[in-house]
Amino acid sequence: MRNKQNSRFLIVVLLHIIGILAVLFISINSGYINLTPKETLKTLFGQGTEQQELILFSFRLPRLILAMLVGAGLSVSGCVFQAVSKNSLASPSLLGINAGGGLSVLLFIYLTPVNTLIGIFTLPVISIIGASITALCIYRLSHKKEEAISPIRLVLIGIGVSAGIQAIELILTTRLSPEKFNRVNIWTIGSLFGSNWNYIIALLPWVCIIIPYFLYHSRKLNILRLSDEVSVGLGANLKRERFIFLMMAVALAGASIAVGGAIGFVGLICPHLTRKLVGPRHEKVIPVATLSGALLLSTADLISRTIVQPNEIPLGIVVSIVGAPYFLYLLIRAD
């Protein structure tokens, strides 16, 4: 039985890698200016024209890599939120993490002068602070004395807090200058337009540190998904472990949305489908969720920038077209 499960896990991982490589191949050859596979290979080995190098190394590759990193970050953070809350409906977008991080970024942009150079390395920290405050508020409001946190209550409070934050954001955006409004509007919808290598450098440390941390502590996440009585019996310090994992997941989600915008549903869809494919054990869920998030967002980004050329559909809209119906399906099943 275990050998069969391991074989299934390896097949799923292999299929995801093949899918990512296929999207990589199509993405770097597709766009308003098409590059043939031969031209792409020549450019990768430094034998392309200046225009081809500009297209490949300054636009397409950074954007594709960033889409994979953001997708992986949101997907894995969703896994952890679902484990900590024992709730398959939990995700960064539904629990208000996206909204909290977005509000903090919006406030920062609102309060700084137009000509202020806002470093891309500053935004993840600002987003994480806002997301952390929001997460703690929602967690506190969802908690009742001597009662376990209700999964549906957690989601409903998260949706309510998100709605309130979005109302504040709407008020603030009406007071922004045209320059600031355009920047905030693109970020709020979710887009990777204008991405460069600095965005990747800003996000890469968070992804490379936090995801391996979750993988290393995957057995603790397995325990947290059990009932509280069983978890305590197995020696888990529930309050401490939940708080640590929650804050690490918030940091990962906050850093991801800081560079990719408030992209929703990735942290809901990918963990849920991953558990259907490889089961509930997090030593398998986390690697597959990392790959599935990267695959989903890179595919969505490919669609967003090619389907209506030379124009572009915001990435967040493409993901929502898939994510909103899937969320309704899960919500109906949860009843």
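See above for the structure.
Below: a short report on this structure. (Residues numbered from 1 in each chain as written. Predicted model: local features only at pLDDT ≥ 70, side-chain atom pairs only at ≥ 80, totals over all residues. Heavy atoms only, no water.)

The next subject is the overall build of the chain. The secondary structure content of the chain amounts to 14 helices and zero strands. Seen in sequence order, the chain has helices and strands lined up from the N terminus as α-α-α-α-α-α-α-α-α-α-α-α-α-α. Relative to a compact globule of 335 residues, whose C-alpha radius of gyration would be 20 Å, the chain shows 20 Å and is just as compact. Each of the three principal axes of the chain carries a C-alpha extent, and together these read 65 × 55 × 35 Å. Counting over 335 residues, the chain shows a buried share of 50%. In the chain, once contacts between residues fewer than 6 apart in sequence are set aside, the share between residues at least 24 apart is 78%. Accessible surface for the chain amounts to roughly 16500 Å². Of this, 67% is attributable to carbon and sulfur atoms. (Helix = DSSP H or I, 4+ residues; strand = E, 2+ residues; numbered from the N terminus. Rg over C-alpha atoms; globule rule 2.2 N^0.38 Å. Buried < 20%, exposed > 50% of the residue type's maximum accessible area, 1.4 Å probe, protein only. Contact = heavy atoms within 4.5 Å. Areas by Shrake-Rupley, 256 points an atom, 1.4 Å probe, with all protein chains shown as cover.)

Close contact between helix α8 (residues 197-216) and helix α11 (residues 238-260) brings their axes to 10 Å; oriented N to C, the two are set at 155 degrees. Relative to α11, the element α8 lies roughly antiparallel. The element α8 and its partner α11 pack so that their crossing is left-handed. Along its contact with α8, which presents Tyr 199, Leu 203, Trp 206, Val 207, Ile 210, Ile 211, Tyr 213 and Phe 214, the element α11 presents Ile 244, Phe 245, Met 248, Ala 249, Ala 251, Leu 252, Ala 255, Ser 256 and Val 259. When the residues that make up the contact of α8 with α11 are grouped by side-chain class, the tally is 16 nonpolar, one polar and no charged. (Axes fitted to C-alpha atoms, helices over the stretch in contact; angles between N-to-C directions. Parallel < 35°, antiparallel > 145°, perpendicular 65-115°, else oblique. Left-handed = near helix turned anticlockwise from the far one by under 90°. Nonpolar A, V, L, I, M, F, W, Y, C, P; charged D, E, K, R; others polar.)

Helix length check: helix α4 (residues 97-111), at 15 residues, gives a terminal C-alpha distance of 21 Å against a target of 21 Å (1.5 Å per residue), a fit within 8%. Burial within α4 is extensive, with eleven of its 15 residues counted as buried. What α4 keeps buried is the set Ile 97, Asn 98, Ala 99, Gly 100, Gly 101, Gly 102, Leu 103, Ser 104, Val 105, Leu 106 and Ile 109. (Expected span 1.5 Å × (residues − 1).)

Another aspect to go through is a nonpolar patch on the surface. Residues Ile 11, Leu 14, Leu 15 and Ile 18 make up a contiguous nonpolar surface patch of roughly 400 Å² in combined accessible area. Within the secondary structure, Ile 18 is located in helix α1 (residues 2-29). (Patch = residues over 30% accessible without salt bridge, like charges linked within 9 Å, V, L, I, M, F, W, Y side chains within 5 Å. Salt bridge = Lys/Arg side-chain N within 4 Å of Asp/Glu carboxyl O.)

This model, assessed by the stated rule, comprises three aromatic pairs. The interplanar angle of 65 degrees and the centroid separation of 6.0 Å between the aromatic rings of Tyr 213 and Phe 214 together place this pair among those described as edge-to-face. Residue Tyr 213 is classed as partly exposed on the basis of its relative accessible area of 26%. By relative accessible area, Phe 214 is classed as buried at 0%. (Phe/Tyr/Trp six-rings, centres within 6.5 Å; stacked < 30°, edge-to-face > 60°.)

Our focus in this paragraph is the pattern of salt bridges. Counting across every chain of the model gives five salt bridges. Glu 241 is the salt-bridge partner of Lys 220, the closest N and O atoms lying 3.7 Å from each other. Placement of Lys 220 in helix α9 (residues 218-224) and of Glu 241 in helix α11 is noted, with a sequence separation of 21 residues between them. Judged by relative accessible area, which is 34%, Lys 220 ranks as partly exposed. Ionic pairing is found between Glu 241 and Arg 240, a salt bridge with its closest N-O pair at 3.2 Å. What you see here is one network of salt bridges that share partners, running through Arg 63, Asp 301 and Glu 312.

Now for the side chain of Asn 98. Here Asn 98 is to be found in helix α4. You can call Asn 98 buried: its relative accessible area is 6%. Within polar-contact distance, the side chain of Asn 98 engages the backbone oxygen of Ile 263 at 3.1 Å. Asn 98 has contacts with Pro 92, Ser 93, Ile 257, Ala 262, Ile 263 and Gly 264, leaving out every residue within four places of it along the chain. (Polar contact = N/O pair within 3.5 Å; in protein donor to acceptor, adjacent residues only side chain to side chain.)

The next thing to look at is the packing of helix α3 (residues 50-85) against helix α12 (residues 266-278). Relative to each other, α3 and α12 sit at 70 degrees, their axes nearing to 7 Å. As far as their axial angle goes, α12 and α3 are roughly perpendicular. Of the two elements, α3 crosses α12, and the hand of that crossing is right-handed. Two secondary-structure elements touch here, α3 through Gly 71, Leu 74, Ser 75, Gly 78, Cys 79, Gln 82 and Ala 83 and α12 through Val 266, Gly 267, Leu 268, Cys 270, Pro 271, His 272 and Arg 275. Taken together, the residues that form the contact of α3 with α12 break down as seven nonpolar, six polar and one charged.

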